[in-house]
Amino acid sequence: MYKHILIPTDGSPLSTKALEETLDFAHAIGAEATVLIVMEPLQVFTLNPTGMEIAYAEYDRQNNEAADRILAAATETAKQRMVACETVKLESIDPASTIIEAADRYNCDLIAMASHGRSGFKAFMLGSVTMKVLANSKTPVLVYR
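What counts and how
Residues numbered from 1 in each chain as written. Predicted model: local features only at pLDDT ≥ 70, side-chain atom pairs only at ≥ 80, totals over all residues. Heavy atoms only, no water. Helix = DSSP H or I, 4+ residues; strand = E, 2+ residues; numbered from the N terminus. Buried < 20%, exposed > 50% of the residue type's maximum accessible area, 1.4 Å probe, protein only. Contact = heavy atoms within 4.5 Å. Areas by Shrake-Rupley, 256 points an atom, 1.4 Å probe, with all protein chains shown as cover. Axes fitted to C-alpha atoms, helices over the stretch in contact; angles between N-to-C directions. Parallel < 35°, antiparallel > 145°, perpendicular 65-115°, else oblique. Left-handed = near helix turned anticlockwise from the far one by under 90°. Nonpolar A, V, L, I, M, F, W, Y, C, P; charged D, E, K, R; others polar. Core = buried A, V, L, I, M, F, W, Y, C linked by side-chain atoms within 4.5 Å. Pairing = 2+ DSSP bridges.

Draft legend 1. Spotlight on the overall build of the protein chain. Each helix and strand counted, the protein chain has 5 helices and 5 strands in total. Ordered by position from N to C terminus, the α and β elements of the protein chain give β-α-β-α-β-α-β-α-α-β. In the protein chain, which comprises 145 residues, the proportion classed as buried is 37%. A separation of at least 24 residues holds for 76% of the contacts in the protein chain among residues at least 6 apart in sequence. Working note: accessible area of the protein chain is about 8500 Å², and carbon and sulfur atoms make up 56% of it.

Draft legend 2. Broad picture of the packing of helix 3 (residues 95-105) against helix 5 (residues 129-136). Interaxial distance between helix 3 and helix 5 falls to 8 Å at its minimum, and their mutual angle equals 45°. With respect to helix 5, the element helix 3 is oriented oblique. Crossing handedness for the pair helix 3 and helix 5: right-handed. Here Pro95, Ala96, Ile99 and Ile100 of helix 3 lie close against helix 5, whose contacting residues are Val129, Lys132, Val133 and Asn136. Residue composition of the contact of helix 3 with helix 5, grouped by class: 6 nonpolar, 1 polar and 1 charged.

Draft legend 3. Region of the structure containing the nonpolar core. Counting residues in each nonpolar core, the largest one holds 20 residues, and the members touching the most others are Ile5, Ile7, Leu19, Leu23, Val35 and Val83. Taken together, the elements giving at least two residues each to this core come down to strand 1 (4-8), helix 1 (13-29), strand 2 (32-39), helix 2 (52-80) and strand 4 (110-114). If we ignore the near neighbours within four places in the chain, the residues touching Ile7 are Leu19, Thr22, Leu23, Ala33, Thr34, Val35, Leu36 and Ala112. Counting 15 residues, the second largest nonpolar core, distinct from the first, contains Leu36, Ala96, Ile111 and Met113.

Draft legend 4. Expanded view of helix 3. Here helix 3 has its buried residues at Pro95, Ala96, Thr98, Ile99, Ile100, Ala102 and Ala103. Where the residues of helix 3 are buried, they touch strand 1, strand 2, strand 3 (85-91), strand 4 and helix 5. Positioned one or two residues after helix 3, Asn107 has a phi angle of 55°, which is positive.

Draft legend 5. Representation of the side chain of Ser115 in the model. Topologically, Ser115 is positioned in the loop between strand 4 and helix 4 (120-126). The exposure class of Ser115 is buried, given its relative accessible area of 18%. Residues within four places of Ser115 in sequence aside, it is in contact with Leu14, Ser128, Thr130, Val143, Tyr144 and Arg145.

Draft legend 6. How the structure looks around the sheet that holds strand 2. Spatially, 5 strands are ordered 3-2-1-4-5 in an open sheet, and the strand pairing comes out parallel. Either end of the sheet is taken by a strand with one partner, and the two such strands are strand 3 and strand 5 (141-144). Strand after strand, the sheet turns through a mean of 25° between neighbouring axes, direction not considered. Looking at chain direction, strand 4 and strand 5 are connected through 4 bridges and run parallel. Residue pairing in the sheet places Ala112 in a bridge with Leu142 of strand 5. Helix-sheet contacts for helix 1 involve strand 1, strand 2, strand 4 and strand 5, and the interaxial angle to strand 1 is about 170°. Those strands touched by helix 3 are strand 1, strand 2, strand 3 and strand 4, and its axis lies near 150° from that of strand 2.

Distances and angles like these do not, on their own, reveal function.
Rendered as structure tokens:
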């Protein structure tokens, strides 16, 4: 059975539900977990980059604070379920590849994630991270809907 589960999350309601369900599953089978947040860097295309350093710095600050809150909540949820849990925060413009690479790096034998986080036009334009993980991962993927 599975010994180490990677749980990517973005803090959305469905992702949080998947996190909780996966931690329940991990407890039931005696597995440990690694909760992962992949932060996407701010990408702005402009002909006049003057002053953008401030915007980038503020975006990074807010992004890191939000990620830290989500990971702290995940740690507390794991503690309540008596599941050994590490948290990881990575930055990448390609979350799907980062999730797959993290599963290998942290020796996870299962990736458990929500069926979607983004919605609407953004999901259409960027594609589903979950679909990309499903299509490219050699590690089994459990999808929560």
